[in-house]
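Architecture at a glance
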Amino acid sequence: MSLSIPTYLECVSCAKQYDLKDIRYNCECGGILDVKRDFSNVNGEELKALWESRWGAKSGIYSSGVWRYKELILDIDEKFVVTRQEGNTRLYDAGKAADYVGVNNFMLKHEGENPTGSFKDRGMTCGVTAAKMYNATSVACASTGNTSASMASYAAVCGMKPVIFIPEGKIAYGKLAQALAFGGVTLQIAGNFDDAMELVQDVCNELNIYLVNSINPFRIEGQKAIGFEILQQLEWNVPDWIVIPGGNLGNNSALTKGLQELHELGIINKIPRVAVIQAEGSAPLSKMWKNKTPFEAVKDPDTIATAIKIGNPVSWEKSLRGLEWCNGVVEDVTEQEIMDAKAWVDASGIGAEPASCCSVAGTKKLVDAGVIKPEESVVGILTGNVLKDPDAVIGYHKDELGHMNIKGTYSNKPQLIEATLEAVKKALSK
Ligand code: F0G
């Protein structure tokens, strides 16, 4: 291990510190852990120049949009790095979706363009690299789908055994297909994601399997690269807002942690406000935030955005800490709002899975409420690919989601016609 910036683990609750040489996900007090660095000898300008010099690298680990920022990800010997050149995702002008939300300067960072179709690849390259550093031969996760697809892929790349715990019958088909295709040992449990999350922690402790859920502090380090890359794409000009969906709450914790580090190093001088958007039926952080009450898990979380159907998110403390630092906000959106926003993201030609579209639905809601001003610059993060959940798309456009109280407000129904020129003319004239 060659770490040029002194790096260690620190408990989020009691600040106890641990060396990196031991495998740890929790503190002795039960709190979750952060990767911390001593920046006293780090020059932010030099670091930024180094990252700029790596932009556009054609091969090697710096062609990855995560390992480009290696010094603040995991400064480890290259031989351990397991990468699929993840990251390097596009930052789109939101097009029609900008009109829908009512913001002129609205961009969408499409993390669904990662190798396995979600932002999870950024954390997974780092999590599986850590697994290799610790000589693990098997990795495990609980998942609503995307983490498992990503883990199975990265494990296959480096010859580790992936063990997956998913809630029975509640996972989008595109994601289940990937887990199976990449060779994951896939265990569907009778229970929801929160049950699976509890079980996988016991399993990993008992069976010596390396846990790569976002409770793993190295996963969070990799995911910080979403924010780094947005800023690099914007020539280090900081937007007013970054809007992101929240489920297990690892991703927004990573975003604010990374931004805080850039700020501490003087690489950015302005702090963007971060808005975390949850689905109304799975919104423990939003409830806590709005009611100013202690954290309380949601017992039976529910939403069509199955990726974030989570009632007891493991990273809520980290999430809150980051939001307080950046003067952030938390909001929740209805099923209808999610699917209508998705219709606009999709019709813009960009496309994303339902959970991703919380960013857009949430931005609209915050603009309508006057929290985000129309003249402010906003980056919405799209977390997963449109192909992950075809059932939700078809259900909406055929207007067949009535049982979930979702109307196909902006539906684009397929039309059944006779195979004649006349019938085609009639269909096109509508
Ligand atoms: N969007 C998508 C597409 C996701 O898959 C997830 C989480 C999130 C948003 C929320 O991110 O959990 O860091 O707050 N999916 C996890 C999984 C839970 O198992 O794939 P978060």
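Residues numbered from 1 in each chain as written. Predicted model: local features only at pLDDT ≥ 70, side-chain atom pairs only at ≥ 80, totals over all residues. Heavy atoms only, no water.

1. A look at the sheet that holds strand β6 (residues 138-142)
Across a sheet, strands are paired by hydrogen bonds formed along the backbone, either parallel or antiparallel in direction. Going by this rule: A pair of strands is treated as paired once DSSP finds two or more bridges between them. The helix and strand labels rest on DSSP assignments: H or I over at least four residues marks a helix, E over at least two residues marks a strand, and numbering proceeds from the N terminus. Only heavy atoms enter the contact rule, under which two residues are in contact if any of them lie within 4.5 Å. Where helices are involved, their axes are fitted lines through C-alpha atoms of the stretch in contact, as for all axes, and angles between N-to-C directions lie from 0 to 180°.
The strand order across the open sheet built from four strands is β8-β7-β6-β9, with neighbouring strands paired in parallel fashion. At either end of the open sheet lies a strand with only one pairing partner, and these are β8 (185-189) and β9 (210-211). Along the sheet, helix α4 (residues 146-158) makes contact with β6 and β7 (161-167), crossing β7 at roughly 170°.

2. Some remarks on the sheet that holds strand β11 (residues 273-279)
Reading across from one edge, β4-β5-β13-β10-β11-β12 is the order of the six strands in this open sheet, with mixed pairing throughout. Across the chains shown, the open sheet's two edge strands, defined by having one partner strand only, are β4 (91-93) and β12 (329-333). Adjacent strand axes in the sheet meet at a mean angle of 25°, parallel and antiparallel pairs treated alike. In the packing of helix α10 (residues 284-291) onto the sheet, the strands contacted are β11 and β12, and the crossing angle to β12 comes to about 125°.

3. Considering the site of the ligand
So the rule is basically this: Note on definitions. A residue lies near a molecule or strand when any single heavy atom of the residue is within 4 Å of it. A 3.5 Å cut-off defines polar contacts: any pair of N or O atoms within that distance qualifies, except that in protein one atom must be a possible hydrogen donor and the other a possible acceptor, and neighbouring residues in sequence count only when both atoms are side-chain atoms. The Shrake-Rupley method, run with a 1.4 Å probe sphere, supplies the accessible areas, and residue values consider only the shown protein chains as cover. In this count, Pro and Cys sit with the nonpolar residues alongside Ala, Val, Leu, Ile, Met, Phe, Trp and Tyr, while Asp, Glu, Lys and Arg are called charged and the others, Gly among them, polar.
Taken together, the neighbourhood of the ligand is formed by 19 residues, with S143, G247, N248, L249 and T383 sitting nearest. Here an oxygen atom of the ligand sits 2.8 Å away from a polar atom, N or O, in the main chain of T144. In isolation the ligand has 470 Å² of accessible area, and contact with the protein removes 99% of it. Among the secondary structure elements, those contributing two or more residues to the shell around the ligand are α4 and α9 (250-264). Residues that form the shell around the ligand fall into these classes: six nonpolar, 11 polar and two charged.

4. As for the nonpolar core
The cut-off we apply is this: In these notes, a set of buried Ala, Val, Leu, Ile, Met, Phe, Trp, Tyr and Cys residues joined through side-chain atoms within 4.5 Å is what counts as a nonpolar core. Each residue is assigned to one of three classes by its accessible area relative to the maximum for its type, calculated with a 1.4 Å probe on protein chains only: buried under 20%, partly exposed between the two thresholds, exposed over 50%.
In this structure, W67, L72, I73, Y210, F218, L262 and V274 are the most contacted members of the largest nonpolar core, which totals 93 residues. Counting residues in each nonpolar core, the second largest holds 40 residues, with F106, A275, A279 and L401 among its members.

5. Concerning the pairing of β7
Under the convention used in this document: With strands facing away from the observer, any crossover in which the path from the first strand over the helix to the second runs clockwise is taken as right-handed.
Most of β7 sits inside the fold, with six of its seven residues counted as buried. Taking the sense of rotation as the criterion, the β-α-β connection linking β6, α4 and β7 turns out right-handed. Pairing of β7 with β8, which is carried by five bridges, proceeds in the parallel orientation. In the strand pairing of β8, V163 is matched with V185.

6. Considerations on the packing of helix α8 (residues 225-233) against α9
For clarity, the cut-off: If an angle is under 35 degrees, it is roughly parallel; if it is over 145, roughly antiparallel; if it lies from 65 to 115, roughly perpendicular; otherwise it is oblique.
Two elements in contact, α8 and α9, have axes separated by 7 Å at closest approach and are oriented at 55°. When the interaxial angle is binned, α8 and α9 end up oblique. Two secondary-structure elements touch here, α8 through I226, G227, F228 and L231 and α9 through N251, L255, G258, L259, E261 and L262. Residues that form the contact of α8 with α9 fall into these classes: six nonpolar, three polar and one charged.

7. Concerning a nonpolar patch on the surface
Heads up, the rule is: Exposure above 30% relative accessible area and no salt bridge define the residues that can form patches, which grow by joining like charges within 9 Å and nonpolar side chains of Val, Leu, Ile, Met, Phe, Trp and Tyr within 5 Å. Salt bridge, as applied in this entry: a Lys or Arg side-chain nitrogen positioned within 4 Å of an Asp or Glu carboxyl oxygen.
Together, I417, V424 and L428 give the surface a local cluster of nonpolar side chains, amounting to about 290 Å² of exposed area. Within the secondary structure layout, L428 lies in helix α15 (residues 421-429). Classification of L428 as exposed rests on a relative accessible area of 70%.

8. Here's the deal with the side chain of E71
Here E71 shows up in the loop between α1 (44-54) and β4. Here R54 takes part through its side chain, which lies 2.7 Å from a polar atom of the side chain of E71. The residues touching E71, leaving out its near neighbours within four places in the chain, are I5, R37, L47, L50, W51 and R54.

9. Re helix α14 (residues 390-397)
For α14, every residue scored as buried is listed here: A392, V393, G395, Y396 and H397. In the core, the buried residues of α14 are packed alongside α12 (335-347). A positive backbone phi angle near 55° is found at D399, which sits one or two residues after α14.

10. A few points about the packing of aromatic side chains
The following threshold applies: Note on ring pairs: Phe, Tyr and Trp rings are taken, using the six-membered ring of Trp, and paired if centres are within 6.5 Å. Classes follow the plane angle, with under 30 degrees stacked, over 60 edge-to-face and the rest tilted. Remark: a charge is flagged as sitting over a ring if the NZ atom of Lys or the CZ atom of Arg is within 6 Å of the ring centre and within 35 degrees of the ring normal.
A full pass over the atoms with the stated rule returns 11 aromatic pairs. An angle of 20° between the planes, with centres 5.7 Å apart, marks the rings of W51 and F228 as stacked. Pair noted here: W51 is in helix α1 and F228 is in helix α8, with a separation of 177 residues, a long-range link. Across this residue pair, the class does not change: W51 and F228 are buried. Put simply, the rings of Y25, Y134, Y210 and F218 touch in pairs and so form one group of aromatic residues. In this arrangement the basic side chain of R54 is found over the ring face of Y62, its NZ or CZ atom lying 3.9 Å from the centre. The ring of Y100 is capped by K364, whose NZ or CZ atom sits 5.0 Å from the centre of that ring.

11. Some thoughts on the pairing of strand β10 (residues 241-245)
It is a general feature of regular strands that their side chains alternate between the two faces of the sheet. Across the five residues of β10, five count as buried, placing the element largely inside the fold. Pairing of β10 with β11 involves five bridges; the strand directions are parallel. Of the residues in β11, the one forming a bridge with V243 is A275. Each parallel crossover has a hand, and the one from β10 via α9 to β11 is right-handed. Sheet analysis places β10 next to strand β13 (residues 377-382), joined by three bridges and oriented parallel. Among the inter-strand pairings, V243 is bridged to a residue of β13, identified as G380.

12. Thoughts on the pattern of salt bridges
The final tally for this structure, using the stated rule, is 25 salt bridges. Two residues, E353 and K175, come together in a salt bridge whose shortest N-O distance is 2.8 Å. Residue E353 is located in the loop between α12 and α13 (358-368), and its partner K175 is located in helix α5 (residues 173-181); the two are separated by 178 residues in the primary sequence. Overall, the relative accessible area of 2% leaves E353 in the buried class.

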